[in-house]
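Letter by letter, the chains look like this.
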Amino acid sequence: MPVRIQTRDFDVGAEITALRGGNPKVGAVASFVGLCRDANDGEAVSTMTLEHYPGMTEKALEKIVDEAKARWKVIDVLVVHRVGELKPADQIVLVVVTGAHRGEAFAACEFIMDYLKTRAPFWKKEQTPSGARWVEARTSDDAAAGRWEQPKSDAA
Amino acid sequence: MKVKVLYFAGLREQLGTAGEDLDASPTTVAGLRTLLMARGGVWQSALAQGKALRVAVNQEMAQPGTPVKPGDEIAFFPPVTGG
């Protein structure tokens with residue numbers, strides 16, 4: 001399964017090693033790790049709770065991975081996203097892309113994160129000194145995802 | 001006909017429910033939204049046009065004109081904020 005939703009933490013090194021699987025055709029590994037920060041929009045954040053839509057989340061992420069594989073020549077992809085209660089400095093999300101060369105791996109990794117941010121049904125709720133609040137979607141995330149909708153060459 | 005309706009995140013909290021089985025006959029997503037808003041009160045305000053809401057039908061992102069058929073699972077939720 002290229003996509004996992006879990007409450008437990010993940011080990012980045014172990015995940016990369018497992019995805020590479022000793023395949024000597026892999027010449028590049030690009031990865032992204034998203035972390036829980038201790039402040040957002042000027043307020044301290046003590047706890048973050050991640051809710052998702054079981055069933056749709058996996059389907060949406062698998063679709064994003066399939067699209068990345070169709071756009072770029074990559075060898076393998078892994079997406080791990082945590083849900084439940086997280087603390088500042090905790091790991092939230094991991095994307096790993098293996099390929100023959102770095103260009104495709106970098107591009108596919110960034111594409112997957114940009115689409116995950118705008119298309120996968122996760123929602124963050126923050127505990128702050130003034131109470132709990134749902135994180136609002138950012139227009140900058142829509143803009144980041146929109147970049148990939150331009151007609152593109154395979155020169156990435 | 002029967003459909004399953006789900007609510008997530010801030011919308012779930014506002015409506016005070018995570019979902020329901022509905023016996024109704026909307027033909028589209030927009031029709032279902034109008035039907036739910038007609039309950040008045042928090043339903044009307046939380047689902048009002050102009051509220052940034054997303055809708056999925058059978059776990060695929062949908063549009064107001066997306067058809068609704070018996071047995072479908074329709075989910076309403078705020079713009080997503082994962083990652």
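Criteria and cut-off values
- Residues numbered from 1 in each chain as written.
- Chains lettered and ligands numbered in written order.
- Predicted model: local features only at pLDDT ≥ 70, side-chain atom pairs only at ≥ 80, totals over all residues.
- Heavy atoms only, no water.
- Helix = DSSP H or I, 4+ residues; strand = E, 2+ residues; numbered from the N terminus.
- Contact = heavy atoms within 4.5 Å.
- Areas by Shrake-Rupley, 256 points an atom, 1.4 Å probe, with all protein chains shown as cover.
- Lys, Arg positive; Asp, Glu negative; His and termini not counted.
- Charge placed at Lys NZ, Arg CZ, Asp CG, Glu CD.
- Buried area = accessible area lost by both parts, 1.4 Å probe.
- Salt bridge = Lys/Arg side-chain N within 4 Å of Asp/Glu carboxyl O.
- Nonpolar A, V, L, I, M, F, W, Y, C, P; charged D, E, K, R; others polar.
- Expected span 1.5 Å × (residues − 1).
- Buried < 20%, exposed > 50% of the residue type's maximum accessible area, 1.4 Å probe, protein only.
- 1 Å grid on protein atoms, 1.4 Å probe; cavity = no way out; pocket = protein on both sides within 12 Å on 5 of 7 lines; lining within 4 Å.
- Points joined across faces, edges and corners; volume = space filled by probe spheres on them.

(A) Structural view of the overall build of chain B. Secondary structure assignment for chain B yields three helices and five strands. Walking chain B from its N terminus toward its C terminus, one meets helices and strands in the order β-α-β-α-α-β-β-β. For chain B, the spread of C-alpha atoms along the three principal axes comes to 30 × 30 × 20 Å. Sequence separation of 24 or more characterises 51% of the internal contacts of chain B that already satisfy a separation of 6 or more. Accessible area for chain B stands at about 3,800 Å²; split by element, carbon and sulfur atoms hold 54% of it. Charge-centre separation for chain B: the mean point of 8 positive side chains lies 6 Å from the mean point of 7 negative side chains.

(B) Here's a closer look at the interface of chain B and chain A. Listed per partner, the contact involves 20 residues of chain B and 26 residues of chain A. Between chain B and chain A the total buried area reaches about 1,800 Å² when both faces are included, carbon and sulfur atoms providing 55% of it. When the buried surface of chain B facing chain A is broken down by residue, B:Q59, B:T81 and B:G83 rank first, second and third, together holding 38% of it. One salt bridge in this structure joins B:R12 and A:E51, with 2.3 Å as the shortest N-O distance. Elements with a contribution of two residues or more to the side of chain B that touches chain A: helix 1 (9–15), strand 4 (60–62) and strand 5 (73–77) of chain B. The biggest single contributor to the side of chain B that touches chain A is helix 1 of chain B, with four residues. A breakdown of the residues in the side of chain B that touches chain A according to their chemical character gives ten nonpolar, six polar and four charged.

(C) Geometry of helix 2 (residues 56–71) of chain A. Taking 1.5 Å per residue as the helical rise, helix 2 of chain A with its 16 residues ought to reach 22 Å, and the 23 Å between its terminal C-alpha atoms agrees with that figure. Within helix 2 of chain A, burial applies to A:M56, A:T57, A:A60, A:L61, A:I64, A:V65 and A:A68.

(D) Representation of the layout of surface pockets within the structure. Estimated volume of the largest pocket: approximately 630 Å³. The wall of the largest pocket is formed by 30 residues, among which B:R54, B:V55, B:M61, B:A62 and B:Q63 lie closest to the centre. Of all the secondary-structure elements, those providing two or more residues to the lining of the largest pocket are helix 2, helix 3 (102–119) and helix 4 (139–146) of chain A together with helix 2 (29–37), strand 3 (54–57) and strand 4 of chain B. Residue composition of the lining of the largest pocket, grouped by class: 14 nonpolar, five polar and eleven charged.

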